[in-house]
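The chain contents come next:
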Amino acid sequence: MNLFEQAFHWMFSDQLAESVLPLGKAIFTHLGFSLLSLLIAAAIAVPLGWFIGHTGRARNLVISATGAARALPSFGLVLFLVVLFGVDGKALAVYAALTLLAVPPILAGAYSGVEAAPKTTVDGARAIGMSEAQILFKVEAPLGLPLLFNGLRTALLQIIASVTIAGYVGAWGLGFYIVQGIALRRFDQVLGASLVTVALAVIADVAMALVRRLAIPKGVRLQPANE
């Protein structure tokens, strides 16, 4: 058998199903870390991004900060937070690291989407007496949904890839198999876990594209400024 055949054999082996961390549980944990981190990051970044996009306040500062955050090394950040939070706080450290990695693309999508709203539309809404809050939530935010979803999509894919690092600090997710496989020189296991991670990322990307299509009205999706 070649390495790919060995990897597929590992995925469906009885030994893996009866191990301490079955594949189904690893996938569930991987998705749990990913989705919860995305939700936390979105809860932080979306309101902040909308506020910045609408008011223009602290825009340059936030752009610089998010640019610097994008350069953070995932592995180093996880290990730093594990040391900071202690052994008992390893899961919290992983969530914090994933959230920090996910905030920049979501924040960028949120404020750039609001900024991309046509000025004539915004001025028209203001001219008919809409309040600033109404303009933001009824005009700018809906028109900015395509760019916001692009940011969420990018963040989710980055998180799914980064969750594998959690395998270095605990028996969590698909990264555990990769770390264990490297230590044991089980390259079929390393490749198998990597293939499952890639498949998970592809499925998540397709799902986000579908959610984007269902959540955004057709008229907004077709806005050239937002695409």
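Residues numbered from 1 in each chain as written. Predicted model: local features only at pLDDT ≥ 70, side-chain atom pairs only at ≥ 80, totals over all residues. Heavy atoms only, no water.

(A) Expanded view of helix H11 (residues 187-215). Taking 1.5 Å of rise per residue, 29 residues should cover 42 Å, and H11 covers 41 Å from first to last C-alpha, within 8% of that figure. Looking only at H11, the buried set comprises Asp-188, Gln-189, Val-190, Leu-191, Gly-192, Ala-193, Val-196, Thr-197, Leu-200, Ala-204, Met-208 and Arg-212. (Helix = DSSP H or I, 4+ residues; strand = E, 2+ residues; numbered from the N terminus. Expected span 1.5 Å × (residues − 1). Buried < 20%, exposed > 50% of the residue type's maximum accessible area, 1.4 Å probe, protein only.)

(B) Local environment of the UniProt feature "transmembrane region" (unreviewed entry) in the protein. Using the residue numbers shown here, the UniProt feature "transmembrane region" (unreviewed entry) corresponds to residues 27-52, 61-86, 92-111, 155-178 and 190-211. With 100% helix and 0% strand, residues 27-52 has its two end C-alpha atoms placed 36 Å apart. Helix makes up 100% of residues 190-211 and strand 0%. Its end C-alpha atoms lie 31 Å apart. (UniProt positions renumbered as here; feature names shortened; annotations may be inferred.)

(C) Summary view of the pattern of salt bridges. Under the definition given, this model contains 4 salt bridges. Across the pair Arg-126 and Asp-123 runs a salt bridge, and its minimum N-O distance is 3.7 Å. Taken as a pair, Arg-126 and Asp-123 lie in helix H7 (residues 119-127) at a separation of 3 residues, close to a single helical turn. Assessed through its relative accessible area of 36%, Arg-126 is described here as partly exposed. When its relative accessible area of 47% is taken as the criterion, Asp-123 is described as partly exposed. For Asp-205, the salt bridge goes to Arg-153, with nearest N and O atoms at 2.6 Å. Taken together, the positions of Asp-205 in helix H11 and Arg-153 in helix H9 (residues 145-162) put the pair 52 residues apart, joining distant regions of the chain. (Salt bridge = Lys/Arg side-chain N within 4 Å of Asp/Glu carboxyl O.)

(D) Just the nonpolar core, in detail. Ranked by size, the top nonpolar core spans 43 residues in total, and within it Leu-38, Trp-50, Val-78, Val-94, Ile-106, Leu-148 and Leu-152 carry the most contacts. Put simply, the parts of the chain that give this core at least two residues each are helix H3 (23-55), helix H5 (74-85), helix H6 (90-115), helix H8 (132-143), H9 and H11. Broken down by element, the residue count for this core peaks at 13 residues, all from H6. When near neighbours in sequence (up to four residues on either side) are disregarded, Leu-38 contacts Ile-106, Leu-152, Ala-155, Leu-156 and Ile-159. The next biggest cluster of nonpolar side chains, apart from the first, holds 13 residues, and it includes Met-11, Leu-16, Leu-21 and Val-190. (Core = buried A, V, L, I, M, F, W, Y, C linked by side-chain atoms within 4.5 Å. Contact = heavy atoms within 4.5 Å.)

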